[in-house]
Amino acid sequence: IGRMPARLMRPTVGFTFNSAFPWGSNDGPIWAGKGLTGWAQAGFAMRWGPLSARIAPIAFRAQNSSFDLWENGQIGILKYADGQYPLAVDHPQRFGDAPYSRVDMGESTIRVDGLGLTAGVSTASQWWGPTTAFPYVLGNNAGGFPHLFIGTSKPANVGIGHIHGRIVYGRLSQSEYSPVRGADYFESYKAPGKERFMAGLTGLIQIRGIEGLEIGGSRFFHSAIDSGGIKASDFKLPIQNFLKNRLASEGDTVFGDDRSLLQNQLASIYFRWAPPGTGVDIYGEFGREDFSADIRDFYLQPDHSSTQNFGFRKAWLRGQKMNAFRGEFFTYEAPAGTRTRGEGLIYLHQPLLQGHTSRSQLLGAAVGPGSGSAQTFAFDRFTPSGRLTGFVSRVTAGEFSAANKDYVTGPAIKNSADVQLTFGT
């Protein structure tokens, strides 16, 4: 394009067919309903000195055929909302009764690199943490959202090792099936606004002398936006205190709390160790929803509203073929402390009733809001002619404890856990 080196991306077209109900995960902005879903992507990339750009919009159309919905006790448009938490999360079972389509900017980014740093604007998806199937904080299940970023362009030497990190600010939108109605901006705790501000920080360190080891962490904030727009204090969210009693009071009281009422935090710490030459990769992640009240609360119940993730991969060569066996375990089941204390549910938060979503899809693991677990095992074979994968996965979602009954609406449902077993190649 003129004097700027540019190239066209190879156009891609894909189809998914679901015979019984909507199913799919970690596929970006695509939502695959029952029936046939088709998608197409095209674009271009270019570089001019430190400036680079990738414009890669994607469009999809889901047939969105009818299937038996989980009765959630709602009427009108909200009958399509989440089966168990229709008034607590923007996570519809179905997008109405007609074909559903959308055009998204997809994996598009404009960035500038220099002096070991990078900054830019983007709608590309992000994957924070070491997991490969069930990311707690952020993955590509919902695709990307408009955001600004600044961080290191490559690991920076700090003496004891190398650090790599990024700070991100963005804007999150909801679908028309969200329980949040009214204005785009915050009006009251019962009308928190359709739009949310996002602020996050992720980073890791590679410790000198321990080859292949990474230790890292992430913080992700949702924040309501009032009529005055985004405030300067919102940009400080990723570095604010981890203990709620050290935050300033907001003057109001909601559910007995007067701090951080209009924000929700997800945070995690993790490790990944892949010793060079061994073909072994192991990793783990511990996550928390929201804050500990104070240091005593953290000591007494560090697993309050928590998640755990562990995974491994072992690869080996045989001639020109490479084989790998891998597995991953993710759990966010309510801990034993719920017997004596109310428990916040994962990916849900009041009064920000969209939950941890963007345009109705979960930003983290595609397991479901509330409480549950997931496991997957897979065998991969790579050859000069291609790749073959066989896998089995189990996902359990929709569990809740009696302490959390206030989140649940509609009639009581016996054996309400939703279990999916999947086998595939």
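Coordinates for the structure precede this section.
Residues numbered from 1 in each chain as written. Predicted model: local features only at pLDDT ≥ 70, side-chain atom pairs only at ≥ 80, totals over all residues. Heavy atoms only, no water.

1. Remarks on the overall build of the protein chain
Move 1: Secondary structure summary: the protein chain contains one helix and 25 strands in total.
Move 2: Against the globule reference of 22 Å for 425 residues, the protein chain gives a C-alpha radius of gyration of 22 Å, in line with a compact fold.
Move 3: Seen through its C-alpha atoms, the protein chain measures out along the principal axes to roughly 60 × 50 × 50 Å.
Move 4: Counting only contacts in the protein chain whose residues sit at least 6 apart along the sequence, the fraction spanning at least 24 positions is 64%.
Move 5: Per element, the accessible surface of the protein chain, about 21000 Å² overall, is 59% carbon and sulfur.
Move 6: For the protein chain, the centre of its 41 positive side-chain charges and the centre of its 35 negative side-chain charges are spaced 8 Å apart. (Helix = DSSP H or I, 4+ residues; strand = E, 2+ residues; numbered from the N terminus. Rg over C-alpha atoms; globule rule 2.2 N^0.38 Å. Contact = heavy atoms within 4.5 Å. Areas by Shrake-Rupley, 256 points an atom, 1.4 Å probe, with all protein chains shown as cover. Lys, Arg positive; Asp, Glu negative; His and termini not counted. Charge placed at Lys NZ, Arg CZ, Asp CG, Glu CD.)

2. Quick word on the packing of aromatic side chains
Move 1: For the structure shown, the criterion picks out 22 aromatic pairs.
Move 2: An aromatic cluster of at least three residues, connected via ring pairs, comprises Trp31, Phe60, Tyr80, Phe95, Tyr100 and Tyr177.
Move 3: Here arginine 166 stacks its cationic end above the ring of phenylalanine 149, 4.2 Å away from the centre of that ring.
Move 4: Note that arginine 219 overlies the ring of phenylalanine 242, its terminal NZ or CZ placed 3.8 Å from the centroid. (Phe/Tyr/Trp six-rings, centres within 6.5 Å; stacked < 30°, edge-to-face > 60°. Lys NZ or Arg CZ within 6 Å of the ring centre and 35° of its normal.)

3. Topic: the nonpolar core
Move 1: Core analysis: the biggest nonpolar cluster contains 25 residues, and Phe220, Phe330, Tyr347 and Val367 have the highest contact counts within it.
Move 2: Broken down by secondary-structure element, the contributors of at least two residues to this core are strand E12 (161-172) and strand E24 (386-399). (Core = buried A, V, L, I, M, F, W, Y, C linked by side-chain atoms within 4.5 Å. Buried < 20%, exposed > 50% of the residue type's maximum accessible area, 1.4 Å probe, protein only.)

4. Comments concerning the pairing of strand E15 (residues 249-254)
Move 1: Where E15 lies against strand E16 (residues 257-259), two bridges are found, and the strand directions are antiparallel. Looking across to E16, one finds that serine 249 is bridged to arginine 259.
Move 2: Adjacent in sequence and paired antiparallel, E15 and E16 are bridged by two residues, among which phenylalanine 255 carries a positive phi angle near 50 degrees. (Pairing = 2+ DSSP bridges.)

5. Some remarks on unusual backbone geometry
Move 1: Here the residue pair glutamine 350 and proline 351 is connected by a cis peptide bond, since its omega of 10 degrees sits within 30 degrees of zero.
Move 2: Structurally, proline 351 is set in the loop between strand E20 (321-331) and strand E21 (357-358).
Move 3: Even without being a glycine, asparagine 26 presents a positive backbone phi close to 50 degrees.
Move 4: In this fold, asparagine 26 is placed in the loop between strand E2 (12-18) and strand E3 (35-41).
Move 5: A positive phi is found at aspartate 290, a non-glycine position, where the angle reads about 70 degrees.
Move 6: For aspartate 290, the position within the fold is in the loop between strand E18 (280-289) and helix H1 (295-300).
Move 7: Residue classification places aspartate 290 among the buried residues on the basis of a relative accessible area of 15%.

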